[in-house]
Amino acid sequence: MPGALKSKLQQKVPEWRKQRQELLAHGEEKLADLKVIQVMGGLRGLPGLVCDTSVVSPDQGLVVRGIPIGELSNRLPEEMLYLLLTGELPGREALDDLRQELSSRARIPGYVWKVLEALPHDTHPMAMFSVALLALERESVFRRHYEDGMPKEQYWESTLEDCLQLLARLPAVAAGIYRLHIGQARLPSRPELDWGADFAQMLGVEGEEFAQLMRLYLTLHCDHEGGNVSAFTSHTVGSALSDAYYAVAAGLNGLAGPLHGLANQESLHFVLDIENHFGGAPSEAQLSGYIQDRLQHGQVIPGYGHAVLRVTDPRYSAFHQFGERYCRNEQLFNIVDRLFAVVPNILKQQARVQDPWPNVDAISGSLLYHYGLKEFDYYTVLFGVSRALGLCSQLILNRAVGTPIMRPKSVSTRWLLEHVTVPSHVS
Ligand code: CMX
């Protein structure tokens with residue numbers, strides 16, 4: 001018998017397919033004009049993708065299935081998965097069923113550990129994470145069924161199967177990578193715990209406060225619509241009908257970049273550098289000079305700015321509330337607070353910066369550090385465990401409605417030069 005999540009999707013998929021057909025009947029209608037700056041500037045603002053799991057608006061930030069993320073910060077990551085996929089929060093029974101389904105699939109095949117243990121010790125944890133996922137690809141049900149001639153209508157069901165298997169294993173894989181990284185033995189999963197609490201204890205950090213931080217962390221990072229580097233990459237790879245293991249690993253490889261998910265690592269480095277430089281929390285005036293100096297040297301201010309947002313990231317605010325409650329007297333938290341008082345005003349004076357406000361990466365690292373998770377280069381793995389919820393959900397939904405392979409047109413510089421209006425002084 002299918003689980004509660006699959007049953008709910010079986011109810012919903014026909015309606016979503018119908019909607020897509022209705023829209024396709026309007027296929028020739030025009031939605032937007034394309035500017036040269038968009039072609040040359042990462043397609044900023046161009047509505048060229050459909051993503052139903054969440055939207056990010058400049059003034060509100062992340063809204064998951066119609067609910068602002070600030071209203072979801074007390075939800076479990078498992079509830080977020082159900083919400084992302086179905087558009088509804090699960091009731092008690094459906095949630096218990098999903099948790100049971102995840103814990104029953106959580107065992108990690110031994111070969112994954114052998115592969116990870118064979119890597120040089122200084123391999124970046126994000127590279128290890130990606131390698132682990134690719135090692136698990138041999139288990140793909142989608143690939144096997146595809147080879148056996150599975151009909152298109154069933155693609156999403158095999159993809160769901162792969163995604164549940166993949167997601168169920170991620171906390172143990174990610175925690176195992178952490179323990180390997182710090183030279184400690186792996187800790188066994190405790191299936192009676194929820195996803196966040198089990199992950200926390202497998203990392204080796206005990207206590208309800210850290211479990212609560214992990215739940216919050218996994219909930220807040222779960223999705224950020226479809227156009228960010230990790231989601232877009234994962235979608236592109238998935239659109240070739242590569243299975244979930246390939247698609248999610250590809251997305252995580254994008255997340256590993258310093259302008260994307262790695263910014264949380266960079267951000268904490270930055271806060272610690274400030275602490276070292278001033279021998280503690282600097283005054284606002286000292287901090288202001290430090291920031292100006294950094295900008296003059298052409299460096300970015302990690303954790304500030306965003307390609308879409310134009311307000312303080314609500315995920316920053318949710319972490320800040322947590323910090324206010326549990327880390328108020330922590331020096332790093334105070335530096336983070338002081339940066340918030342200083343950086344936006346300075347960035348506002350830089351005409352080129354579109355968004356002077358903090359994003360989620362400005363604060364998450366200082367909270368992790370407070371609980372003794374001091375391996376910065378591991379932080380993006382935590383982000384990745386959470387973001388895989390969104391990547392998988394997007395992949396399943398795309399398979400359900402039959403989104404085609406991605407193939408935008410590229411143009412050459414010569415083509416652009418020929419198509420822009422010739423300046424009057426030239427002619
Ligand atoms: N510090 C200094 N300069 C910044 C800046 C910052 N925090 N944010 C933007 N800028 C600069 C850009 O580098 C760009 O400079 P150039 O014109 O010289 O290339 C200019 O301002 C315009 O950028 P933008 O349109 O405001 O922002 P983008 O969409 O190009 O980039 C982002 C967005 C996040 C990459 C950028 O703000 C940045 O590098 N921030 C710091 C890194 C960071 O926190 N990344 C995490 C983002 C969240 C995530 O995806 O995980």
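These numbers were taken from a predicted model, which means no experiment stands behind them. (Residues numbered from 1 in each chain as written. Predicted model: local features only at pLDDT ≥ 70, side-chain atom pairs only at ≥ 80, totals over all residues. Heavy atoms only, no water.)

### What about a nonpolar patch on the surface?
Together, Leu34, Val36, Val39, Met40, Leu43, Leu46, Val411, Trp415 and Val420 give the surface a local cluster of nonpolar side chains, amounting to about 730 Å² of exposed area. Sorting elements by how many residues they give to the nonpolar patch places helix 2 (residues 36-40) first, with 3 residues. By secondary structure assignment, the location of tryptophan 415 is in helix 19 (residues 413-419). (Patch = residues over 30% accessible without salt bridge, like charges linked within 9 Å, V, L, I, M, F, W, Y side chains within 5 Å. Areas by Shrake-Rupley, 256 points an atom, 1.4 Å probe, with all protein chains shown as cover. Salt bridge = Lys/Arg side-chain N within 4 Å of Asp/Glu carboxyl O. Helix = DSSP H or I, 4+ residues; strand = E, 2+ residues; numbered from the N terminus.)

### Description of the site of the ligand
The environment of the ligand is formed by 20 residues, the closest being His260, Ile301, Gly303, Tyr304 and Gln354. Take leucine 259: an N or O atom from its main chain is 3.2 Å from a nitrogen atom of the ligand. Between the ligand and the protein, one listed contact pairs an oxygen atom with a side-chain N or O atom of asparagine 359 at 3.0 Å. Coverage of the ligand by the protein amounts to 75% of the 880 Å² it exposes when considered alone. (Near = heavy atom within 4 Å. Polar contact = N/O pair within 3.5 Å; in protein donor to acceptor, adjacent residues only side chain to side chain.)

### Thoughts on unusual backbone geometry
A positive phi is found at leucine 43, a non-glycine position, where the angle reads about 60°. With phi around 50°, arginine 65 is a residue other than glycine that occupies positive phi space.

### Side note on the packing of aromatic side chains
What the rule picks out here adds up to 14 aromatic pairs. Pairing tyrosine 146 with tyrosine 155 gives two aromatic rings, centres 5.9 Å apart and planes at 55°, and the pair type is tilted. Tyrosine 146 sits in the partly exposed class, given a relative accessible area of 41%. Since its relative accessible area comes to 10%, tyrosine 155 is described here as buried. A network of ring pairs unites the aromatic residues Phe210, Phe322, Tyr326 and Tyr371 as a single cluster. Against the face of tryptophan 113 rests arginine 186, its NZ or CZ located 4.1 Å from the ring centre. Sitting above the plane of the tyrosine 369 ring, lysine 374 keeps its charged end 4.8 Å from the centroid. (Phe/Tyr/Trp six-rings, centres within 6.5 Å; stacked < 30°, edge-to-face > 60°. Buried < 20%, exposed > 50% of the residue type's maximum accessible area, 1.4 Å probe, protein only. Lys NZ or Arg CZ within 6 Å of the ring centre and 35° of its normal.)

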